[in-house]
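Single-letter residue listing:
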Amino acid sequence: MIRRVESLMLRWLLALPLPVQRFIGGRPSLDPAVAMLLRVQRWRGIHGLTAGTAARTRSRTRSSAALMSGAPTVVAAVRSVTIADRLPGRHYMPRADAAPQRAAVPQRAAVPQRAAVPQRDVVPHSDALPRPDVPPQAAGAAPLLVYFHGGGFVAGDLDTHDEICRLLCAHAGVHVLAVDYALAPEHPFPAAVHDARDTVLWAVSHASSLGADPARVAVGGDSAGANLATVACHLPPAPVAQVLVYPLLDHVGIWPSRLLFADGLLLTAADLAFFRDSYLPGFTGSPPDFRHSPLRAADLTGLPPAIVVTASHDPLRDEGEAYADRLRAAGVPVRSWRVEGMPHAFMNLTAVSDAARCAVLEIAEALRLQLAADRHD
């Protein structure tokens, strides 16, 4: 009953006129719906993603995902699978007749734009730009994306990221294999890394039986899941592409964005400390290990092409953009951009914010084009 009341209240707030949303949110640099959501969370006494213990953090994550959910995106089918004889997974199959849609931010979701980030794309806020003419692939021959959910290595599961996987499946035209990898603190580093590698190995060997193209297996993830995705790229067999959304890549350095956005948004400095201490108990920062801090890897040459997406109001913004720069310097093809007006975890806000949904569709389209190019190569 409480969740239903909260859901109805959220729907009522989102139906308010845009000027009213901006007034309630009080942060003109953020998307109005997101700013309003953050203000409401502060009124409810919620500050950040964590809740003191791993169990309460997982419960909050599940409750928030349920509250923010809308009607699920339609895909051909969804079925449960067991990966590597032990890991729960979920296989999303694309519809053969579903043409990918271009993304356009509705006018009501527009936010003030900052200057373009040097040497990076800024996510386009209209569909007027020319796009490569790549036909959608038949579902039976579609690529496979192995997706690792976010949650700081502590929270998140197949349900909290169900809609993200559905959107990527439907709009990128790919099979998606989501996995429930082992979570900390019960299973600290490197348990999740081992699960990630085993998942990719299983995906490559079972792609044909899933109806996917075994020659085009990519990896992706958000936040901590993006960390696991890029670590998997360092370990054989190498995926054909990687999709990293607001990735957590460095447990060692102190980045300006971590100081600038330490509090007041969805992800806080206290959250990051909690996640690090749960995943890396007793961590001292030395010696750095690329398996938990991929930005510290000595050599990035030969890694698969990357799509790296950061959020303007995210503590992890700078390390994600630094990783994209390092990949470019190593000769890795990279498409990267910063989504303006968005905090960390915007992929979970697609039912709340039109701009967040558009950003996810842009990611799906970039993935579709990358994997189509791999097929033609």
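Residues numbered from 1 in each chain as written. Predicted model: local features only at pLDDT ≥ 70, side-chain atom pairs only at ≥ 80, totals over all residues. Heavy atoms only, no water.

Student: Could you clarify how one ought to interpret the environment of I46 in this entry?
Tutor: One can find I46 in the loop between α3 (32-43) and α4 (54-68). The spatial distance from the C-alpha of I46 to the C-alpha of R60 is 9.8 Å, given a sequence separation of 14 residues. (Helix = DSSP H or I, 4+ residues; strand = E, 2+ residues; numbered from the N terminus.)

Student: Help me understand the pattern of salt bridges, please; the structure alone is not making it clear to me.
Tutor: Side chains that differ in charge, positive against negative, can pair when their charged atoms come close. Counted according to the given criterion, the structure contains 14 salt bridges. In this structure, the salt-bridge partner of D213 is R216, at a minimum N-O distance of 2.9 Å. For the pair D213 and R216, a shared accessibility class is recorded, and that class is buried. The closest approach of N and O atoms between E319 and R258, which form a salt bridge, is 2.9 Å. Placement of E319 in helix α10 (residues 317-329) and of R258 in helix α8 (residues 256-260) is noted, with a sequence separation of 61 residues between them. The same class applies to E319 as to R258, namely buried. (Salt bridge = Lys/Arg side-chain N within 4 Å of Asp/Glu carboxyl O. Buried < 20%, exposed > 50% of the residue type's maximum accessible area, 1.4 Å probe, protein only.)

Student: What's the story with unusual backbone geometry in this structure? I'm lost.
Tutor: Note: most residues except glycine have negative phi, and most peptide bonds are trans. Residue P185 is bonded to the preceding A184 through a cis peptide linkage, with omega at 5°. Mapped onto the secondary structure, P185 falls in the loop between β5 (175-179) and α6 (191-206). Even without being a glycine, F153 presents a positive backbone phi close to 70°. On the secondary structure map, F153 appears in the loop between β4 (144-148) and α5 (162-172). Residue class for F153 comes out buried when judged on its relative accessible area of 1%.

Student: Explain empty space enclosed by the protein to me, please; I cannot follow it from the model alone.
Tutor: One water molecule sets the probe size; rolling that probe over the atoms shows where empty space is left. Scanning the model with the defined rule gives 5 cavities of 30 Å³ or more in all. Looking at the largest cavity, its volume works out to about 400 Å³. What lines the largest cavity is a set of 26 residues, and nearest its centre among them are L49, T61, S64, A345 and N348. For the lining of the largest cavity, the secondary-structure elements that each account for two or more residues are α3 and α4. Across the lining of the largest cavity, the residue classes break down as 11 nonpolar, 13 polar and 2 charged. (1 Å grid on protein atoms, 1.4 Å probe; cavity = no way out; pocket = protein on both sides within 12 Å on 5 of 7 lines; lining within 4 Å. Points joined across faces, edges and corners; volume = space filled by probe spheres on them. Nonpolar A, V, L, I, M, F, W, Y, C, P; charged D, E, K, R; others polar.)

Student: I would appreciate a short explanation of the side chain of T310 in the present structure.
Tutor: Positionally, T310 belongs in strand β8 (residues 306-313). In this structure T310 comes out as buried when scored by relative accessible area, which is 2%. Other than its neighbours up to four places away in sequence, T310 contacts R317, G320, E321, W337, R338 and V339. (Contact = heavy atoms within 4.5 Å.)

Student: Please clarify how the layout of surface pockets should be interpreted in this entry.
Tutor: Considered as a void within the structure, the largest pocket measures approximately 370 Å³ in volume. If you trace the largest pocket, you find 21 residues lining it, with A65, M68, S69, G70 and E163 closest to the centre. Those elements giving two or more residues to the lining of the largest pocket turn out to be α4 and α5. No other element matches α4, which puts 4 residues into the lining of the largest pocket. Residues that form the lining of the largest pocket fall into these classes: 8 nonpolar, 7 polar and 6 charged. When its volume is computed, the second largest pocket comes out at roughly 290 Å³. Together, 17 residues line the second largest pocket, and H251, G253, R258, L272 and R276 are the ones closest to its centre. Going through the elements one at a time, α8 and α9 (269-279) are the ones with two or more residues in the lining of the second largest pocket. The residue inventory of the lining of the second largest pocket, partitioned by class, reads 11 nonpolar, 4 polar and 2 charged.

Student: Can you help me understand the confidence of the model for the chain in this one?
Tutor: Interpretation of this model should avoid reading the predicted coordinates in detail wherever pLDDT is low. On average, the chain scores 86 in pLDDT, and the residues at 70 or more come to 84%. The low-confidence segment residues 99-140, where pLDDT is below 50, has 85 contacts with residues more than four positions distant or belonging to other chains. (pLDDT = per-residue confidence, 0-100.)

Student: What am I meant to see in the pairing of strand β6 (residues 217-222) here?
Tutor: Sheet faces and side chains relate simply in a regular strand, where the side chains alternate between the two faces. Counting buried residues in β6 gives 6 out of 6 residues, a clear majority hidden from the surface. Alternating residues of β6 divide into V217, V219 and G221 and A218, G220 and D222, and every residue in both groups is buried. Pairing geometry for β4 and β6, over 5 bridges, is parallel. If you follow Y147 over to β6, its bridge partner there is G220. As paired strands, β6 and strand β7 (residues 242-245) are joined by 4 bridges and run parallel to one another. Along β7, the bridge assignment pairs G220 with V243. Read from β6 through helix α7 (residues 224-233) to β7, the crossover connection turns out right-handed. (Pairing = 2+ DSSP bridges. Right-handed = clockwise from strand over helix to strand, strands pointing away.)

Student: In this structure, what is going on with the packing of helix α2 (residues 18-25) against α3? I would like to understand it.
Tutor: Geometrically, a packed helix pair is captured by the angle between its two axes and the distance between the axes. One can describe the packing of α2 onto α3 by two numbers: an axis separation of 8 Å at closest approach and a directional angle of 45°. When the axes of α2 and α3 are compared, the pair comes out oblique. α2 and α3 meet at a crossing whose hand is left-handed. In this structure, α2 uses L18, Q21, R22, I24 and G25 to contact α3, whose residues at the interface are P32, A33, A35, M36, R39 and W43. In the contact of α2 with α3, the residues fall into 7 nonpolar, 2 polar and 2 charged. (Axes fitted to C-alpha atoms, helices over the stretch in contact; angles between N-to-C directions. Parallel < 35°, antiparallel > 145°, perpendicular 65-115°, else oblique. Left-handed = near helix turned anticlockwise from the far one by under 90°.)

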